[in-house]
Amino acid sequence: MQLIDPSWSLYSPFVSSIVQAGEHLGAPMDGLLVKVGIDKHHLKDAGQRFAVSQVFRLYDLVAEASETPDLGLYLGRIGYIDGLNLQLYMSTVCGTFREYLNLMPSLLRTTGDIGEVVMQADKQFLRLEWHPLWQPSNRQRFLSDTVLTNSAAIVNSLCLLPIPVMQAHFSYSQPEDLSLLRTTFGENLHFDQPMSCLYFARDSLDYPLTRLDGDLTSTLARRVDHLFTDSEPTDAFINPLRKTLLRLLPQGAINIDRVADELNLSRRTLQRRLAERGTQFQQVLQQVRADLATRYLADERLTVTEIAFLLGYSDPGSFSAAFKSWYGVSPLEHRQR
């Protein structure tokens, strides 16, 4: 059996969701946290990480104490609500469901060493697959239920038209009580499958995303408007470049070749046009990240982990190091000031 890697860890919001669900279900959370060696005061720091083995043990204890085998379904809904602020920001840079999928948040970057969600398309369906890092969890409920519930809620809330689950596959065996599973995923449920996954209609790819109206939309938009209006508003090259960077940053691993492809330019042409304006690609990229960082930090609804994702960093530590090199303080110190 594959062992849990002792270096694997998860960010505190995942643990906090277990605590929230456990408290609601009547589990003695203070005692259970002590039992697994988690200091509840550290949960207030969204960048704090806890060993995966501790978190999985906590989950088992909460499910046992609360007598709730459906605990993962609760955690998925909590995770969906906790991630709404990130979804709102992404809706300002995406127009369709297809564009959102290209920016779909990586669980490895936003949650920790838990696994990854992958969207595959065939002639009829979109298939959202769950690939856990710890393979034995395939035969258990909690991770599959948590991730698929979260994913189903996000997908069905993004667009003007609903995108319901057409069928759901689970890698674990069929439980006795299916009522909450059916409420969450519909009637077309299949168990003991090779992987846990959800099926959606393929034509939903081109559904337009919902757009917020009113003050909140204006607030979100102001976070990025300055990139295109503060300087050189008539520059027909720099502004599209900044917009492209803004859209690609959450995907991570951004580089000049990828950006050139998006702009339908050769690498050499992109470099030449930047040189004509007295700058280089890395300078523009760093300036976009630095400007966005301060504006994202001004919105306390976003955690440092979420901001690191929006700016294309693999982890909060890399973002914090970069931010300190720009402004001389850490992101948390800047936010406190």
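In this report, we go over the structure that sits alongside the text. One numbering rule holds for all chains: residues counted from 1, following each sequence as written. Totals for whole chains, interfaces and linings use all residues, but because this is a predicted model, local features are given only for residues with pLDDT of at least 70 and pairs of side-chain atoms are given and counted only at 80 or more. Side-chain descriptors were evaluated using all non-hydrogen atoms of the structure, hydrogens and water having been removed beforehand.

### Some thoughts on the sheet that holds strand S6 (residues 189-190)
- Each pair of strands is called paired provided DSSP finds at least two bridges between the two strands. Every helix listed is a DSSP run of H or I at least four residues long, and every strand listed is a run of E at least two residues long, numbered separately from the N terminus. The sheet built from five strands is open, its strands ordered S3-S4-S7-S5-S6 with mixed pairing. In the strand order of this sheet, the two ends are held by strand S3 (115-121) and S6, each with one partner.
- Where strand S4 (residues 125-132) and strand S7 (residues 196-201) come together, six bridges link them in antiparallel fashion. When the bridges of S7 are listed, Phe125 appears paired with Ala201.
- Along the sheet, helix H8 (residues 142-158) makes contact with S3, S4, strand S5 (167-169) and S7, crossing S4 at roughly 145 degrees. Contact between two residues is taken to exist if any of their heavy atoms lie within 4.5 Å; hydrogens are not considered. The axes are straight lines fitted to the C-alpha atoms, using for helices just the contacting stretch, and the angles between their N-to-C directions are given from 0 to 180°.

### Examining the pairing of S3
- The sheet contact formed by S3 and S4 spans seven bridges and is antiparallel. Across the sheet, residue Gln120 finds its bridge partner in S4, namely Arg127.
- In sequence, S3 turns back onto S4 through a hairpin of three residues.

### Thoughts on the packing of helix H14 (residues 281-297) against helix H16 (residues 316-327)
- Axis separation between H14 and H16 bottoms out at 11 Å; the angle between their running directions is 100 degrees. Taken together, the axes of H14 and H16 lie roughly perpendicular to each other. Contacts between H14 and H16 pair Gln286, Arg289, Ala290, Asp291, Ala293, Thr294 and Leu297 from the former with Phe319, Phe323, Trp326 and Tyr327 from the latter.
- Classes in brief: Ala, Val, Leu, Ile, Met, Phe, Trp, Tyr, Cys and Pro nonpolar; Asp, Glu, Lys and Arg charged; the others, Gly included, polar. Residues belonging to the contact of H14 with H16 are distributed by class as follows: seven nonpolar, two polar and two charged. Roughly parallel refers to an angle under 35 degrees, roughly antiparallel to one over 145, roughly perpendicular to one between 65 and 115, and oblique to any angle outside these ranges.

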